[in-house]
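Survey of secondary and tertiary structure
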Amino acid sequence: MEEFLGPQAEYNEEEEERKYYRRKRLGVIKNVVAASVGAMIVYSVYMGLLQMQLILHYDMTYREVKYSNLGLEDIDRKMLMGINVTPIIGLLYTPVLIRFLGTKWMMFLASGIYALFVSTNYWERYYTLVPSAIAIGVAIVPLWASLGSYITRMAQQYYEYVNYKEEHVQEQKKLPKGVCHNYIIIFHSVFNIIFHLSFVFAEFPMRLVLHGYLRDDDTHILCNVKACGKDTLIPGFNTTVLTNLPRSMLLIQVESVLMGFAFLSMIIFLVLCGAAYRPTEEIDLRSIGWGNIFQLPFKHLRDYRLRLLCPFFIYSGFEVLFAITGFSLTYGVCILGLKNLWLLIVVYGLSCSVFSSLSLCILRLPRWLCLVSGAAVHFVLLVTLLAFSLQRKDNENYTWYLGPLLVITVLWGLGTALNKTGVSTLLGMLYAEEKERLDFVYTIYHWWQAIAIFIVYLWSNLPMRAKLSILLATLLVACYCYWVMERRLANDVRPRLPRIPRPRHKVKGYRYLEDDNSDESDSERSEEDEEKEEDEEHVVEEMGAEDREEGGQDRGAQGADSPRARRRGAEGNRGKWEDAGVKDGEREDHEGW
């Protein structure tokens, strides 16, 4: 036993520990890339299938020949209603789901719901399509809140693994302000670079399968269209857009391929994505009481930073849907025809992906530059679109509009990239040291985006001039509110954050509301309360230290499984055995005496 537990001559403790944490850092990078690829595959499959499904169901011949009196138009309307309306209640259940399942398992479950939506397209009926669409609406906010908090948490973990020798890391203390901002910027940039490729891959079914069945004669599809641009109410596309119907076996093969990729995304989330929190941290996160978990997202709206960013959250939801629905149909398809729709979406996705890397400039430049630059680009484009109008005439060639429309698409993708990456990065930087608040903050962000999705669904019958005016007004209000927020932060105005109750592992009923009231904010607490809490925490730390000595629990925050920790544990156990042997010997001598 002495030889086994004793120090080894060839063993270099520092080198082994360095290798251990290097593997941990590589694991964090693997987690970020896996989560990004998984989300990209999920949305590639979802958007590609939905686009192909809506085009097929729009064709009158397809509806009458394949489904006769089934009522596909009504099914599509209710399906879109389920996807767009259901997320508005996401604030009620998202934090509870994330705390109950965990961040990783929430992403896995949400990807499974998207796979369920794909599977229902094998048998297109009301009782299959509509419930699966409602399930997707339920999963949208939890999925995106989990992704946002997961990427930010990975940045915090990477900092801890880089600086594992720091005292505040080993003792699991709160991180100093601003120490992991660079990692948050880089990881969110990587996520958006990968994810925005989903717009590109989503057009593969359209380009490779459905493109050959679309009519080449744009005058037939656009025969009822009189105007394009700002004066358009609803484009009057012809209801027969297919030259002939695709074979049923071909559609089944396409859906099978998409189903395979949906399962691949689930496997990526399950196998390649590691846990965001240690098991003890997850227990602490859900041990504050389910009543508090339900209430805290609403109470976080007291924070002026979140309130002032709400207009940007709403605009973030507006502009993406406007790009892939409003602009692409009213300007792109209306002028160029349905066969060029895939090209506009592909260019938009590539532009978003490439220009997401520009957010890395925040590493050297002020953080407001990213959001303000994206807003400036969109402001110029919105004014340009408000001034553009085209009256269509028969037997006239409009292909020369392709170049200007592609330029507008690229610039809109630039603004989208700076906006989406800037908002998610800004939230991560504002709450970088508050890891127990990340799921609440990102839930609020994506809930406001869900409200924007619902508003876009409601305004579908408005004229394009009204839609552009709403976008422009929202953008101006968002920029003003963001300026006010940065000014308050520069003046060191302390935000009002709700107090997170301490974990209670033996909670019965609602007794945790007696002492720990989450209605109380940190700024309202008196000095006596703070001193009392510090004394209580000191007692708890002493008790925890005794428990760790008795039970052999982990000492450090990240070094629990490291080679150094294992060696200390072995030496400690050997010392305990020796002490136990001495005590037994003394007890025998005493009994003999």
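Parameters at a glance
- Residues numbered from 1 in each chain as written.
- Predicted model: local features only at pLDDT ≥ 70, side-chain atom pairs only at ≥ 80, totals over all residues.
- Heavy atoms only, no water.
- Helix = DSSP H or I, 4+ residues; strand = E, 2+ residues; numbered from the N terminus.
- Buried < 20%, exposed > 50% of the residue type's maximum accessible area, 1.4 Å probe, protein only.
- Contact = heavy atoms within 4.5 Å.
- Areas by Shrake-Rupley, 256 points an atom, 1.4 Å probe, with all protein chains shown as cover.
- Expected span 1.5 Å × (residues − 1).
- Core = buried A, V, L, I, M, F, W, Y, C linked by side-chain atoms within 4.5 Å.
- Phe/Tyr/Trp six-rings, centres within 6.5 Å; stacked < 30°, edge-to-face > 60°.
- Patch = residues over 30% accessible without salt bridge, like charges linked within 9 Å, V, L, I, M, F, W, Y side chains within 5 Å.
- Salt bridge = Lys/Arg side-chain N within 4 Å of Asp/Glu carboxyl O.
- pLDDT = per-residue confidence, 0-100.
- Axes fitted to C-alpha atoms, helices over the stretch in contact; angles between N-to-C directions.
- Parallel < 35°, antiparallel > 145°, perpendicular 65-115°, else oblique.
- Left-handed = near helix turned anticlockwise from the far one by under 90°.
- Nonpolar A, V, L, I, M, F, W, Y, C, P; charged D, E, K, R; others polar.
- Polar contact = N/O pair within 3.5 Å; in protein donor to acceptor, adjacent residues only side chain to side chain.
- Disulfide = S-S within 2.5 Å.

**Examining the overall build of the protein**
On a plain count of helices and strands, the protein comes out with 24 helices and 2 strands. Looking at the protein as a whole, 51% of its 593 residues are labelled buried. Partitioning the intrachain contacts of the protein with sequence separation of at least 6 by distance along the chain shows that 87% fall at a separation of at least 24. With an accessible surface of roughly 28,200 Å², the protein has 59% of that area assigned to carbon and sulfur atoms.

**Observations concerning helix α7 (residues 126–162)**
Taking 1.5 Å of rise per residue, 37 residues should cover 54 Å, and α7 covers 53 Å from first to last C-alpha, within 8% of that figure. For α7, a buried count of 31 out of 37 residues is recorded, marking the element as mostly surrounded by other parts of the structure.

**Focus on the nonpolar core**
By size, the foremost hydrophobic cluster in this structure holds 158 residues, and its most contacted members are Tyr-43, Tyr-46, Leu-147 and Leu-427. Contact partners of Tyr-43, with chain neighbours within four places excluded, come to Gly-48, Tyr-114, Ile-140, Leu-143, Trp-144, Phe-195 and Ser-198. Counting 5 residues, the second-largest nonpolar core is a separate cluster that includes Ile-288, Leu-296, Phe-440 and Ile-500.

**Let's talk about helix α17 (residues 341–355)**
With 15 residues, α17 should reach 21 Å at 1.5 Å per residue; the first-to-last C-alpha distance of 21 Å fits that figure. Listed as buried for α17 are Leu-341, Leu-344, Ile-345, Val-346, Val-347, Tyr-348, Gly-349, Ser-351, Cys-352 and Ser-353. Buried residues belonging to α17 abut α2 (13–58), α9 (181–195), α10 (198–201), α16 (304–336) and α19 (402–430).

**A look at the packing of aromatic side chains**
What describes a pair of aromatic rings is the distance from one ring centre to the other and the angle between the planes of the rings. If you walk through the whole model with that rule in mind, you get 29 aromatic pairs. Plain terms: the ring middles of Phe-312 and Tyr-482 are 6.1 Å apart, the flat faces sit at 90° to each other, and that makes the pair edge-to-face. Taken together, the positions of Phe-312 in helix α16 and Tyr-482 in helix α21 (residues 464–490) put the pair 170 residues apart, joining distant regions of the chain. Across this residue pair, the class does not change: Phe-312 and Tyr-482 are buried.

**With respect to a nonpolar patch on the surface**
Together, Tyr-122, Trp-123, Tyr-126, Tyr-127, Met-249 and Ile-252 make up a nonpolar patch on the protein surface, roughly 670 Å² of accessible area in all. Going through the elements one at a time, α7 and α13 (248–272) are the ones with two or more residues in the nonpolar patch. Relative to the assigned elements, Tyr-127 resides in helix α7. Given the relative accessible area of 58%, Tyr-127 is considered exposed.

**Some words on the pattern of salt bridges**
Summed over all chains, the structure comprises 8 salt bridges. In this structure, Arg-18 engages Glu-15 in a salt bridge whose closest nitrogen and oxygen atoms are separated by 2.4 Å. With Arg-18 and Glu-15 both in helix α2 and 3 residues apart, this pair spans about one turn of that helix. Asp-439 is the partner of Arg-99 in a salt bridge, and the nearest nitrogen-oxygen pair spans 2.6 Å. Of this pair, Arg-99 sits in helix α5 (residues 90–101) while Asp-439 sits in helix α20 (residues 438–458), and the two are 340 residues apart along the sequence. Here the salt bridges do not stand alone but share partners, grouping Asp-74, Arg-77 and Lys-78 into one network.

**With respect to unusual backbone geometry**
One non-glycine residue, Asp-492, adopts positive backbone phi at about 60°. You can see Asp-492 is positioned in the loop between α21 and α22 (512–515).

**As for the environment of Lys-104**
As for its position among the elements, Lys-104 is in helix α6 (residues 103–119). What makes Lys-104 buried here is its relative accessible area of 17%. Taking the C-alpha atoms as reference points, Lys-104 and Cys-273, separated by 169 residues in sequence, lie 7.0 Å from one another. Residues in contact with Lys-104, not counting those within four places in the same chain, are Phe-269, Leu-270, Cys-273, Gly-274 and Ala-275.

**Thoughts on the confidence of the model for the protein**
Residues of the protein with pLDDT of at least 70 account for 80%, and the chain-wide mean is 81. Of all helices and strands in the protein, the one with the weakest mean pLDDT is α22 (46), whereas α10 scores best (94). Contacts for the low-pLDDT stretch residues 548–561, under 50 throughout, to residues beyond four places or in other chains number 25 contacts. This model gives residues 570–593 a pLDDT under 50, and the stretch forms 9 contacts once residues within four places in sequence are excluded.

**Side note on the environment of Thr-61**
Within the secondary structure, Thr-61 sits in helix α3 (residues 60–67). Sequence separation between Thr-61 and Thr-240 is 179 residues; the distance between their C-alpha atoms is 6.6 Å. If sequence neighbours within four positions are ignored, Thr-61 has contacts with Thr-240 and Leu-245.

**Overview of the environment of Trp-368**
Considering the arrangement of structural elements, one finds Trp-368 in helix α18 (residues 368–387). The exposure class of Trp-368 is partly exposed, given its relative accessible area of 42%. For Trp-368 and Gly-422, which are 54 residues apart along the polypeptide, the C-alpha to C-alpha distance reads 8.3 Å.

**A word on the packing of α2 against α9**
The contact between α2 and α9 brings their axes to 8 Å, and the two run at 30°. Judged on the interaxial angle alone, α9 and α2 are roughly parallel. Like other packed secondary-structure pairs, α2 and α9 cross with a definite hand, here right-handed. Packed against α2, whose contacting residues are Val-28, Val-32, Val-33, Ala-35, Ser-36, Val-37, Ala-39, Met-40 and Tyr-43, the element α9 presents Phe-187, Val-190, Phe-191, Ile-194 and Phe-195 at the interface. Residues of the contact of α2 with α9, tallied by class, amount to 13 nonpolar, 1 polar and no charged.

**What to know about the packing of α6 against α7**
In the contact formed by α6 and α7, the axes pass within 8 Å of each other and the chain directions differ by 150°. Here α7 runs roughly antiparallel to α6, going by the angle between their axes. Note that α6 runs across α7; the crossing there is left-handed. Across the interface between the two elements, Thr-103, Met-106, Met-107, Ala-110, Ile-113, Tyr-114 and Phe-117 from α6 touch Ser-132, Ala-133, Ala-135, Ile-136, Ala-139, Ile-140, Pro-142, Leu-143, Ser-146, Leu-147, Ser-149 and Tyr-150 from α7. Looking at the contact of α6 with α7 residue by residue, the class counts come to 15 nonpolar, 4 polar and no charged.

**What to know about the side chain of Lys-299**
Mapped onto the secondary structure, Lys-299 falls in helix α15 (residues 290–299). A residue is classified by how much of its surface remains accessible, and Lys-299, at 8% relative accessible area, is buried. At 2.8 Å, the side chain of Lys-299 forms a polar contact with the side chain of Gln-295.

**Some words on the state of the cysteines**
Evaluated as defined, the whole model comprises 0 disulfides. Counting only cysteine sulfurs, Cys-370 is the nearest neighbor of Cys-361, a cysteine outside any disulfide, at a range of 5.9 Å. Note on Cys-361: relative accessible area 27%, which makes it partly exposed. Cysteine Cys-479 shares no disulfide, and the gap to the nearest cysteine sulfur, in Cys-481, comes to 9.5 Å.

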